[in-house]
2 protein chains.
Amino acid sequence: MTREQLFENIQRKESFLCVGLDTDLKKVPQCLVERAKQEEGFDPIFEFNKAIIDATAPYCIAYKPNLAFYEAHGVKGWIAFEKTVKYLNDNYPDQFIIADAKRGDIGNTSKLYARTFFEEMNVDAVTVAPYMGEDSVTPFLGYPGKWVILLALTSNKGSADFQTHLLTPPANEGSEPREEKSLRLFEHVIRRGQEWEKEASPDGKVGSGLMYVVGATQGSAFADIRRLAPHHFLLVPGIGAQGGSLEEVCKYGWNDHCGLIVNSSRAIIYADATEHFAEVAAEKAREVQQQMAAILRSKTH
Amino acid sequence: MTREQLFENIQRKESFLCVGLDTDLKKVPQCLVERAKQEEGFDPIFEFNKAIIDATAPYCIAYKPNLAFYEAHGVKGWIAFEKTVKYLNDNYPDQFIIADAKRGDIGNTSKLYARTFFEEMNVDAVTVAPYMGEDSVTPFLGYPGKWVILLALTSNKGSADFQTHLLTPPANEGSEPREEKSLRLFEHVIRRGQEWEKEASPDGKVGSGLMYVVGATQGSAFADIRRLAPHHFLLVPGIGAQGGSLEEVCKYGWNDHCGLIVNSSRAIIYADATEHFAEVAAEKAREVQQQMAAILRSKTH
């Protein structure tokens, strides 16, 4: 999906909501788990996802299954993940599919991961961890219409352990501009990410193959990030259960293409644990979409 | 597996070799791929691994399947991965099994990954990426006999993009000792990792539940690492195909418990592409083991 298509979907649906499919058999309605015991071939993870997708699709523009929840069930989990992606591609081709995998390995291994997610699974985007540097990230870049979402400033408490510390390049790289030296680790990640994106891009432009993860809990740091990355989309987890504020994110993180994909997982998909779970999830998604519609109107008129 | 059992295995087998099971269907002998086409139920990935394990087990003390190679084949790959781990646990209980997964996510998601790898899969160790900080790593700690292997200074070129840069904690953490300020990112990871390990350990000791990944290509950096982590095992990829030197690694990285698990993947498992691949892999593994035996004898006598 191109940047333009994504922005069109946001405008048409008046939403920049991503629904996180963190599907945990301990939290899905018991009726699904019971049915799986009685009915051979009934896949409770996929059936939960399918019902959530059918109910919430009018209110969101993206889905983000986190791989951890699928791997937790081994082979069965992978089958459910693949079925979910296929279901989305077959029935909702305008939904942006993010594999929240946080992968990253040496070059030839990252290349394999990229091929798996983009060619085999056919997702639109993969989250990637930056710790191993350039050759761990670039194999994911340069697939037309596909996106790398690089971890920059995450929503969790541990984001303060390394990401927000000042980073100084070694002395032998003295040719770097002086200002670089006062940047924090996550800001270096944002800078370097753009250099890598530029090199991998056929027209040398940025913002069409790379996004960054920035937690909703990070408040005014969004303003610092917009100085470094004015044109990029940011994937923003952490509203809802993790406590981030949609208003604050939009205040500091907005750009001329909206520039935000805001994720909510638990607050939507586990809003109800009865057989009415899908309807309640739809209501919750619609509530967020309504807030987003109001923000979109206020920003564009 | 405890630290003592691991060291006993190293002494008994005179080896600290880990064989990397980076099994790629494009590189395994064609005879296996052909047989898979003719014989229903024949799993070429697992059969390759099984033959490699049976041939090389006398010469190594650990196996490290990299998850990327299994995920690349989707559900089939996961089945092969699970069968491989089960085969090792059933037939070679003294082999240390490392899931090279480089995972790391917010606390509740890392908890799921830890449960998957340690309780469901029953591997001995998982590689974990440190970028997301404390709550992304600690859920993997505190499983008795299980290990976190934290990425510190990796073997690839991109390790110089962030890992070797000086990191300065923010000013409001002024209570930290001054010397901290001259440490590089990977050194902070090593320091903080030990603090987390200490907190998670029932006796407050370190070195029995945490290791670090340090690339063989990093040469004398091993001496800096030993100053910060004298007691920890280091998992060392990068000899063989990536060009690191076993002698240099041992010169700078050795401790009183050997303290090194040295991985070789491609140079062993793909040494031969005919039906004799397993015998040739055994020869290559034996060659490395012989070098290791000589080093072990020189260090302990």
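What you see is a predicted model, and the numbers here were worked out from it, not measured in a lab.

### Things to note about the overall build of chain A
Okay, so step 1: A count of helical and extended segments in chain A gives twelve helices and nine strands.
Okay, so step 2: Over its C-alpha atoms chain A spans a radius of gyration of 19 Å, differing by no more than 12% from the 19 Å that the globule rule assigns to 301 residues.
Okay, so step 3: Judged by the C-alpha coordinates and their principal axes, chain A covers about 65 × 45 × 35 Å.
Okay, so step 4: Nonlocal contacts in chain A, meaning residues at least 24 apart in sequence, comprise 70% of its contacts between residues at least 6 apart.
Okay, so step 5: Summing over all exposed atoms, chain A offers an accessible surface of approximately 11,500 Å²; the carbon and sulfur share of this is 49%.
Okay, so step 6: Across chain A, the centroid of the 33 positively charged side chains sits 3 Å from that of the 41 negatively charged ones.

### A few points about the relation of the copies chain B and chain A
Okay, so step 1: For the match of chain B to chain A, the screw axis carries a shift of 0.0 Å, the RMSD comes to 0.0 Å, and the turn is 180 degrees. Interpreted geometrically, this transformation is the action of a two-fold axis. Looking at the rotation axis and the C-alpha trace of chain B, the residue lying nearest is Leu167 of chain B, at 2.3 Å.
Okay, so step 2: The fraction of interface residues of chain B whose copies in chain A are also interface residues reaches 100%, indicating that both copies meet through the same surface.

### Here we look at unusual backbone geometry
Residues and elements named next belong to chain B.
Okay, so step 1: In this structure, Glu14 is a non-glycine residue whose phi angle is positive, near 50 degrees.
Okay, so step 2: Relative to the helices and strands, Glu14 is located in the loop between helix 1 (3-13) and strand 1 (17-21).
Okay, so step 3: Residue classification places Glu14 among the partly exposed residues on the basis of a relative accessible area of 25%.
Okay, so step 4: For Cys258, which is not glycine, the phi torsion reads 75 degrees and is therefore positive.
Okay, so step 5: Checked against the element boundaries, Cys258 lands in the loop between helix 10 (246-253) and strand 9 (260-264).
Okay, so step 6: Exposure remark for Cys258: the relative accessible area of 1% places this residue in the buried category.

### Regarding the sheet that holds strand 8 (residues 233-236) of chain A
Residues and elements named next belong to chain A.
Okay, so step 1: Read around the closed barrel, the eight strands follow the order 1-2-3-4-5-7-8-9; overall the barrel is parallel. Neighbour-to-neighbour, the strand axes of the sheet open up by a mean angle of 30 degrees, direction not taken into account.
Okay, so step 2: Of the strand pairs in this sheet, strand 2 (residues 62-65) and strand 3 (residues 96-103) are connected by two bridges, and their pairing is parallel. Directly across from Ala62, in strand 3, lies its bridge partner Phe96.

### Some points on the interface of chain B and chain A
Okay, so step 1: Taken together, the contact between chain B and chain A spans 59 residues of the former and 59 residues of the latter.
Okay, so step 2: Seen at the junction of chain B and chain A, the total is six salt bridges.
Okay, so step 3: One salt bridge connects Asp161 of chain A with Arg192 of chain B, and the closest N-O pair in it is separated by 3.2 Å.
Okay, so step 4: Taken together, chain B and chain A are joined by 24 residue pairs in polar contact (both at pLDDT 80 or more).
Okay, so step 5: Going through the elements one at a time, helix 4 (67-71), helix 5 (74-91), strand 3 (96-103), helix 6 (107-120), helix 7 (134-137), strand 5 (147-153), strand 6 (166-168) and helix 8 (185-200) of chain B are the ones with two or more residues in the side of chain B that touches chain A.
Okay, so step 6: The element contributing the most residues to the side of chain B that touches chain A is helix 6 of chain B, with eight residues.
Okay, so step 7: Class assignment for the residues of the side of chain B that touches chain A results in 26 nonpolar, 18 polar and 15 charged.
Okay, so step 8: Two elements, strand 6 (residues 166-168) of chain A and strand 6 of chain B, share three bridges in a ladder whose sense is antiparallel. Residue pairing in the sheet places Leu166 of chain A in a bridge with Thr168 of chain B of strand 6 of chain B.

### Comments concerning the packing of aromatic side chains
Think of a pair of aromatic rings as described by two things: how far the centres are apart, and how the planes are tilted against each other in angle.
Okay, so step 1: In total, this model carries 25 aromatic pairs over all chains according to the counting rule given.
Okay, so step 2: On the numbers, 5.2 Å between centres and 15 degrees between planes, the contact of Phe48 of chain A with Phe277 of chain A is stacked. Highlighted residues: Phe48 of chain A in helix 3 (residues 44-56) and Phe277 of chain A in helix 12 (residues 277-300), separated in sequence by 229 residues. Here the two residues Phe48 of chain A and Phe277 of chain A agree in accessibility, since each one is buried.
Okay, so step 3: Counting every residue linked through ring pairs, the aromatic cluster contains Tyr70, Trp78 and Phe81 of chain A together with Tyr70, Trp78 and Phe81 of chain B.

### Observations regarding the pattern of salt bridges
Okay, so step 1: Taken as a whole and judged by the stated rule, the model has 32 salt bridges over all chains.
Okay, so step 2: A salt bridge links Asp100 of chain A to Lys102 of chain A, with the nearest nitrogen and oxygen atoms 2.9 Å apart.
Okay, so step 3: Given a relative accessible area of 5%, Asp100 of chain A falls into the buried group.
Okay, so step 4: We classify Lys102 of chain A as buried; its relative accessible area is 7%.
Okay, so step 5: For the salt bridge of Glu195 of chain A with Arg192 of chain A, the shortest nitrogen-to-oxygen distance reads 3.0 Å. You can see Glu195 of chain A and its partner Arg192 of chain A sitting in helix 8 (residues 185-200), three residues apart, about one turn around the helix.
Okay, so step 6: Classification of Glu195 of chain A by relative accessible area gives partly exposed; the value is 37%.
Okay, so step 7: Looking at Arg192 of chain A, the relative accessible area reads 19%, which means it is buried.
Okay, so step 8: Via salt bridges that share partners, Lys64, Asp100 and Lys102 of chain A together with Asp105 of chain B belong to a single interconnected network.

### Looking at the nonpolar core
Okay, so step 1: Formed by 218 residues in total, the largest nonpolar core has its most connected members in Phe16 and Leu260 of chain A together with Phe16 and Leu260 of chain B.
Okay, so step 2: Apart from the residues lying within four places of it in its own chain, the contact partners of Phe16 of chain B are Ile10, Ile61, Leu246, Cys250, Trp254, Cys258, Leu260, Ile261, Val262, Met292 and Leu296 of chain B.

### Considerations on the confidence of the model for chain A
Okay, so step 1: Mean pLDDT over chain A stands at 94; residues scoring 70 or higher make up 96%.
Okay, so step 2: Overall fold confidence (pTM) sits at 0.96, and the ipTM for the predicted complex is 0.94.

Cut-offs applied
Residue positions are given per chain, counted from 1 along the sequence in the order it is written. Here chains are named by letter from A upward and ligands by number from 1 upward, in the order in which they appear as written. Per-residue local features of the predicted model are confined to residues with pLDDT of at least 70, and side-chain atom pairs are confined, for both listing and counting, to 80 or more; whole-chain, interface and lining totals are unaffected and use all residues. Excluding hydrogens and water, the side-chain figures rest on all heavy atoms present in the structure. We count a stretch as a helix when DSSP gives it H or I for four or more residues in a row; a strand needs E for two or more, and each element gets its number in order from the N terminus. Radius of gyration here is computed from C-alpha atoms only, and the compact-globule reference equals 2.2 Å multiplied by the residue count raised to the power 0.38. Between two residues, a contact is recorded if the distance between any of their heavy atoms is within 4.5 Å. Note that accessible areas follow from Shrake-Rupley with a 1.4 Å probe, and for residues the cover is restricted to the protein chains shown. His residues and chain termini do not enter the charge count, which takes Lys and Arg as positive and Asp and Glu as negative. By convention, charge coordinates are those of NZ in Lys, CZ in Arg, CG in Asp, or CD in Glu. In superposing the copies, a least-squares fit is computed on C-alpha atoms, taking residues whose pLDDT is at least 70 in both. The rule is simple: take the accessible area with a 1.4 Å probe, protein chains only, and divide by the maximum for that residue type; under 20% is buried, over 50% is exposed, in between is partly exposed. A pair of strands is treated as paired once DSSP finds two or more bridges between them. Note on method: axes are straight lines fitted to C-alpha atoms, helices fitted across the in-contact stretch only, with angles between N-to-C directions ranging 0 to 180 degrees. Think of a salt bridge as a Lys or Arg side-chain nitrogen and an Asp or Glu carboxyl oxygen that are within 4 Å of each other. As used in this structure description, the phrase polar contact means that two N or O atoms lie within 3.5 Å; if the pair is within protein, one of them must be able to donate a hydrogen and the other to accept it, and residues adjacent in sequence are counted only when both atoms belong to side chains. By the convention adopted, Pro, Cys, Tyr, Trp, Phe, Met, Ile, Leu, Val and Ala count as nonpolar, Lys, Arg, Asp and Glu as charged, and the other residues, Gly among them, as polar. Here a pair means two rings of Phe, Tyr or Trp (six-membered ring of Trp) with centres within 6.5 Å. Their orientation is stacked below 30 degrees between planes, edge-to-face above 60, and tilted elsewhere. Only buried residues count toward a nonpolar core. Its members are Ala, Val, Leu, Ile, Met, Phe, Trp, Tyr and Cys residues joined through side-chain atoms within 4.5 Å. Every residue is assigned a pLDDT by the predictor, reflecting its confidence on a scale from 0 to 100.

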